[in-house]
Amino acid sequence: MYAVILHYKAPPSEMDRHVDAHRAWLREHYAAGHFLLSGPQRPRVGGLILAAPMERAELDAILAADAFAQARLADYEVIEFAPTMTAPALASLAEKP
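Below or above, wherever it landed, is the structure these notes cover. (Residues numbered from 1 in each chain as written. Predicted model: local features only at pLDDT ≥ 70, side-chain atom pairs only at ≥ 80, totals over all residues. Heavy atoms only, no water.)

Side note on the pattern of salt bridges
Selection criterion: One side-chain nitrogen of Lys or Arg within 4 Å of one carboxyl oxygen of Asp or Glu is enough to make a salt bridge. Helix and strand labels come from DSSP, where a helix needs a run of H or I of at least four residues and a strand needs a run of E of at least two; each type is numbered from the N terminus. A simple rule labels every residue: compare its accessible area, found with a 1.4 Å probe on the protein chains alone, to the largest value its type can have, and call it buried under 20%, exposed over 50%, or partly exposed in between.
Applying the stated criterion across every chain, the model contains four salt bridges. The salt bridge involving Asp 75 is made with Lys 9; its shortest N-O contact spans 3.4 Å. Separated by 66 residues along the polypeptide, Asp 75 in strand S4 (residues 74-80) and Lys 9 in the loop between strand S1 (2-8) and helix H1 (12-16) bring together distant segments of the chain. Relative accessible area serves as the criterion here: at 40%, Asp 75 is assigned to the partly exposed category. For Asp 16, the salt bridge is made with Arg 44, and the minimal N-O distance between the two is 2.7 Å. Taken as a pair, Asp 16 in helix H1 and Arg 44 in the loop between strand S2 (35-40) and strand S3 (46-51) lie far apart in primary sequence, 28 residues in all. Residue Asp 16 is classed as partly exposed on the basis of its relative accessible area of 41%.

Let's talk about the packing of aromatic side chains
The line we're drawing: Pairing of aromatic rings covers Phe, Tyr and Trp, the last counted by its six-membered ring, and requires centre-to-centre distances within 6.5 Å; plane angles under 30 degrees mean stacked, over 60 mean edge-to-face, and any other angle means tilted.
With the rule as written, the count across this model stands at three aromatic pairs. Aromatic side chains Tyr 8 and Phe 68 sit 5.7 Å apart centroid to centroid with 80° between the ring planes, which places their arrangement in the edge-to-face category. Of this pair, Tyr 8 sits in strand S1 while Phe 68 sits in helix H4 (residues 67-70), and the two are 60 residues apart along the sequence. For the residue pair Tyr 8 and Phe 68, the accessibility class agrees, reading buried in each case. Ring geometry for Tyr 30 against Phe 35: centres 6.1 Å apart, planes inclined by 85°, an arrangement best described as edge-to-face.

Considering the layout of surface pockets
Heads up, the rule is: Using protein atoms alone on a 1 Å grid, points that fit a 1.4 Å probe yet trap it form a cavity, whereas open point sets bounded by protein on both sides within 12 Å along at least five of seven lines form a pocket; residues with an atom within 4 Å of a point count as lining. Grid points are joined across faces, edges and corners, and a volume is the space filled by probe spheres set on the points.
Taken as a whole, the largest pocket spans an internal volume of roughly 200 Å³. As for the largest pocket, its lining consists of 14 residues, and the residues nearest its centre are Tyr 8, His 22, Leu 26, Gly 39 and Pro 40. Secondary structure elements with two or more residues in the lining of the largest pocket: S1, helix H2 (19-31), S2 and S3. The greatest single-element share of the lining of the largest pocket, amounting to four residues, is contributed by H2.

Description of a nonpolar patch on the surface
We count it as follows: Here the term patch refers to residues with relative accessible area over 30% and no salt bridge, with like charges joined within 9 Å and nonpolar side chains (Val, Leu, Ile, Met, Phe, Trp, Tyr) within 5 Å. Only the protein chains shown count as covering a residue, and every accessible area follows the Shrake-Rupley method with a 1.4 Å probe.
Taken together, the side chains of Tyr 30, Leu 36, Leu 37 and Leu 48 make up a nonpolar region of the molecular surface, amounting to roughly 300 Å² of accessible area. Among the structural elements, Leu 48 can be located in strand S3.

Concerning the sheet that holds S3
The condition is simple: By definition, two strands form a pair when at least two bridges between them are found by DSSP. Axis lines are fitted to C-alpha atoms, over the contacting stretch for helices. Their N-to-C directions set the angle, which ranges from 0 to 180 degrees. Note on contacts: a residue pair is in contact if any heavy atoms of the two residues lie within 4.5 Å.
On the basis of which strands lie adjacent, the open sheet formed by four strands has the order S2-S3-S1-S4 and antiparallel pairing. Looking at the sheet topology across the chains shown, the edges are occupied by S2 and S4. When strand polarity is set aside, the average angle formed by the axes of neighbouring strands in this sheet is 15°. As paired strands, S1 and S3 are joined by six bridges and run antiparallel to one another. Looking across to S3, one finds that Leu 6 is bridged to Gly 47. Packed on one face of the sheet, H2 meets S1, S2 and S3 and runs near 160° to S2.

Structural measurements only, silent on function.
See the structure below:
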């Protein structure tokens with residue numbers, strides 16, 4: 001599983017010009033099962049995506065297709081982790097030993 005932290009490199013007004021395409025990209029990858037949750041940081045300096053387990057190369061290709069990446073408006077910090085404990089509502093996300 002991956003936590004993807006987006007770091008915006010442009011002011012909100014510039015990000016807003018690409019947000020519809022970014023959200024369409026998010027919807028595509030939710031439908032494909034790649035993304036589990038996402039949202040903007042507060043204050044709005046970036047965002048976060050929780051991505052399902054997959055090969056790192058596949059995730060990199062997915063991220064490269066984001067409108068923010070295509071316009072060079074964000075950097076993506078990818079942190080791979082193994083969820084071993086969860087709240088009961090998220091138990092299906094825990095890795096089994």
